[in-house]
Amino acid sequence: MEASGKTTTAEPNAGPLLIGTSGDSLREAFGKALVQLAPKYSNFVVFDADIAGGTGVHHFRKAYPHRFFQFGIAEQNMMAAAGGFASTGVIPFVTTFAVFCLRAQEQARLSIAYARRNVKIVASHPGLDTGPDGASAQATEDLAAFRAIPGMVVLSPADPLEIEQATEAILNYDGPVYMRSGRSKTRRILGADYRFEIGKGRILREGSDVTIIACGVQVARALDAADLLAVDGISARVVNMSTIKPLDREMVVQCAEETGCFVTAEDHNIHGGLGSAVAEVVVQNRPCPIEMIGVRDTFGESGEPDELAEKYGLTGSYIAAAARRAMGRKART
Amino acid sequence: MQSQQTDFSKFEDLSKRLRIGSLVAIYHAGSGHPGGALSAADLMSYISGRLLAWPTSNGNALTRDRFVLSKGHACPVLYAAAAESGIIPHRMLLTFRKLGSPLQGHPHVLDAPWVETSTGSLGQGFSAAIGMALGLRYQHSKARVYAMLGDGELQEGEVWEGAMCAGHYKLDNLCVVVDHNKLQSDDSNENIMGVEPLRAKWEAFRWHVIEIDGHDFQQINAAFTEAKKISVKPTVIIANTVKGRGVSFMEGSPLWHGSVKLRDEELVTALSELGVSERLVGGYLDGSIWQDDNR
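Residues numbered from 1 in each chain as written. Chains lettered and ligands numbered in written order. Predicted model: local features only at pLDDT ≥ 70, side-chain atom pairs only at ≥ 80, totals over all residues.

## Here's the deal with the sheet that holds strand 12 (residues 290-295) of chain A
Residue and element names in this part refer to chain A.
Then, number 1: Here we have five strands laid out as an open sheet, ordered 7-9-8-11-12, and mixed in their pairing. Sheet topology places strand 7 (202-205) and strand 12 at the edges, where each strand pairs with a single neighbour. Between one strand axis and the next, the sheet turns by 25° as a mean value, whatever way the strands run.
Then, number 2: Here five bridges tie strand 11 (residues 262-269) to strand 12, and the two strands are oriented parallel to one another. Looking at strand 12, one finds that Asn269 is bridged to Val295.
Then, number 3: With respect to the sheet, helix 9 (residues 218-231) is in contact with strand 7, strand 8 (210-214), strand 9 (236-240) and strand 11, its orientation differing from that of strand 9 by roughly 170°.
Then, number 4: Of the strands in this sheet, strand 8, strand 11 and strand 12 are in contact with helix 11 (residues 274-285), which crosses strand 11 at around 145°. (Pairing = 2+ DSSP bridges. Helix = DSSP H or I, 4+ residues; strand = E, 2+ residues; numbered from the N terminus. Axes fitted to C-alpha atoms, helices over the stretch in contact; angles between N-to-C directions. Contact = placed C-beta atoms within 7 Å.)

See the structure below:
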């Protein structure tokens, strides 16, 4: 085995970003992207439930107060009202924490998805990345809950550049979308030539021994894992699967054929999220070993994101160990 | 007074047809919610006969008044109103709740684009109506939004989130009518979870409140007319009604909330009480009465 992986990700200071939010959290990048997009797209408004400073949309509130709607701490009404608002021909971005999207999941189901309203739900504070607020605020079930809603597109971008592009992409997509942003300052991992597309995975690093499929904050950790594996001569492919639904089946099958085993990595319960979505495609098309990195069906706790990632087994070293296990199982089959 | 009463005779005739249509649809479906459809029939008659501009494919979304049936389980009365308005053929009522029918057990906007939105999970239609009212006002539309809620529905917390929101935003383009028939699925509101005092609750949430007899067209007309004149507040019309109104054995009984199967003899009795002549009853029982309706 040879470490043939050549990274296609950006060097820390390479190239200008589309909007220029290097070093931001995903939520900040999202909030600033809304401001950037507002003049070009006059057809959207922003809904908030008293948490604009947390979701990043305070930037938009300041710049476009007449396009900003405060719903108070009442997410169920906000979610269903978004469905009604959209029926008048204007696109609402519904913004709150991911856990409160779970609270209003049935409103998203009936009043948005079932009626196929053009509403964009953008959820900050997903997963253990939420950190010191503790388990009550750490949504590790949202990808599963929203993936199960028929017709709902589910996204989890990996860095500020990608969420900027995704914000514009979902504005141009006619239908309901659930998108995770993120709380922590995020490493910039994508180059200026990166192009987000709904429904497309992107190979960030080529490899032939194992494919690591990740989303959100786990993409950076997957790249860490590939570096660790390369030291031992293992060639790990890294895929940024920022669209969890509809999943890029062709890419998953292609990776199964070319590398023969997988690790999935998500800041989410291992039940029902990205790992499950990948497994559904793999077992039905090209069965091969899969190891899943994620929160192992437990609740989180207070702590800094990196501390939590270490304690709950989400870091690059855990992903690398999982890759070795997957490769070992491949060898036996 | 005599002349005014004559003015409303067309609504009285219409509400009788809505009751007949509702019950026949439920009879042929083998299930459905008759009690809340009948209590709402007079309100629906006025709304569909005077207020409602049905959403059709060429309907201008921004100039059209809208109506949301938030108590979605009462949809037979909405479907019957669509048939009476010529939006759907009457014979479609015979497909209610059946496989492949546009007339789902609770209204669905993709199957029946002439309803305003999908409802059936209580509280959500109200919030959707608030969203519509906000969206219309945001786009400087003068159109109004109407919504009908059940009284049991008021037990949903989302309703009070919405009530607070509409009051806060002074949504005077929004008018809600509560079909206050005092009964819900299992028992009376009061025995399940008391909702009174309704007037004080809505007033506390900064709404203009009107209380009426929901079976009296003089009062229904006066209330909706008054609501149009109210500014800087949304209006709620608390319409006191009788569950199962118009059919003696259904009146005031939670047993007919639904979802219930209507037997042959029960439909015959009900139709007779609603003034259907004996020679026409068979046509409703076998559905043949609407077979020539090719609208």
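Let's pick the thread back up.
## Section: the confidence of the model for chain B
Then, number 1: Residue-level pLDDT values for chain B average 94, and 96% of them are 70 or greater.
Then, number 2: Note on the complex model: pTM 0.94, ipTM 0.95. (pLDDT = per-residue confidence, 0-100.)

## What about the domain arrangement of chain A?
Residues and elements named next belong to chain A.
Then, number 1: Under the domain assignment, chain A is made up of domain 1 (26-180) and domain 2 (202-332).
Then, number 2: A C-alpha centroid distance of 26 Å is found between domain 1 and domain 2.
Then, number 3: Every contact between the two is made by 24 residues of domain 1 and, on the other side, 29 residues of domain 2.
Then, number 4: Sorting the residues of the side of domain 1 that touches domain 2 by element identifies helix 7 (142-147), strand 5 (153-155) and helix 8 (160-171) as the ones contributing at least two each.
Then, number 5: Classifying every residue of the side of domain 1 that touches domain 2 gives 13 nonpolar, six polar and five charged. (Domains from an automatic or database assignment. Nonpolar A, V, L, I, M, F, W, Y, C, P; charged D, E, K, R; others polar.)

## Focus: unusual backbone geometry
For residues that are not glycine, phi is negative in most cases, and the peptide bond is trans in most cases.
Then, number 1: The peptide bond linking Lys245 of chain A to Pro246 of chain A adopts the cis configuration, its omega dihedral lying at 0°.
Then, number 2: Its place among the elements puts Pro246 of chain A in the loop between strand 10 (243-245) and helix 10 (249-259).
Then, number 3: Cis geometry marks the peptide bond from Glu196 of chain B to Pro197 of chain B; its omega dihedral reads 0°.
Then, number 4: Here Pro197 of chain B is to be found in the loop between helix 8 (189-193) and helix 9 (198-204).
Then, number 5: In this structure, Asp297 of chain A is a non-glycine residue whose phi angle is positive, near 50°.
Then, number 6: Mapping Asp297 of chain A onto the fold places it in the loop between strand 12 and helix 12 (305-311).

## Digging into the environment of Thr95 of chain A
Residue and element names in this part refer to chain A.
Then, number 1: One can find Thr95 in strand 3 (residues 91-97).
Then, number 2: Taking the C-beta count within 10 Å as the criterion, Thr95 has 30 such neighbours and is therefore assigned buried.
Then, number 3: Each C-alpha atom, one on Thr95 and one on Thr298, is 26 Å from the other, the two residues being 203 residues apart in sequence. (Buried ≥ 20, exposed ≤ 12 C-beta atoms within 10 Å, placed from the backbone.)

## Notes on the nonpolar core
Then, number 1: In this structure, Ile212 and Ala323 of chain A are the most contacted members of the largest nonpolar core, which totals 198 residues.
Then, number 2: When residues in this core are grouped by element, the largest group, ten residues, is from helix 2 (residues 9-29) of chain B.
Then, number 3: Summarising the domain contributions, this core has at least three residues from each of domain 1 (26-180) and domain 2 (202-332) of chain A.
Then, number 4: With near-sequence residues (within four places) excluded, Ile212 of chain A lies in contact with Ala222, Ala225, Ala226, Ala236, Arg237, Val238, Val239, Val263, Ala265, Ile319 and Ala323 of chain A. (Core = buried A, V, L, I, M, F, W, Y, C linked by C-beta atoms within 7 Å.)

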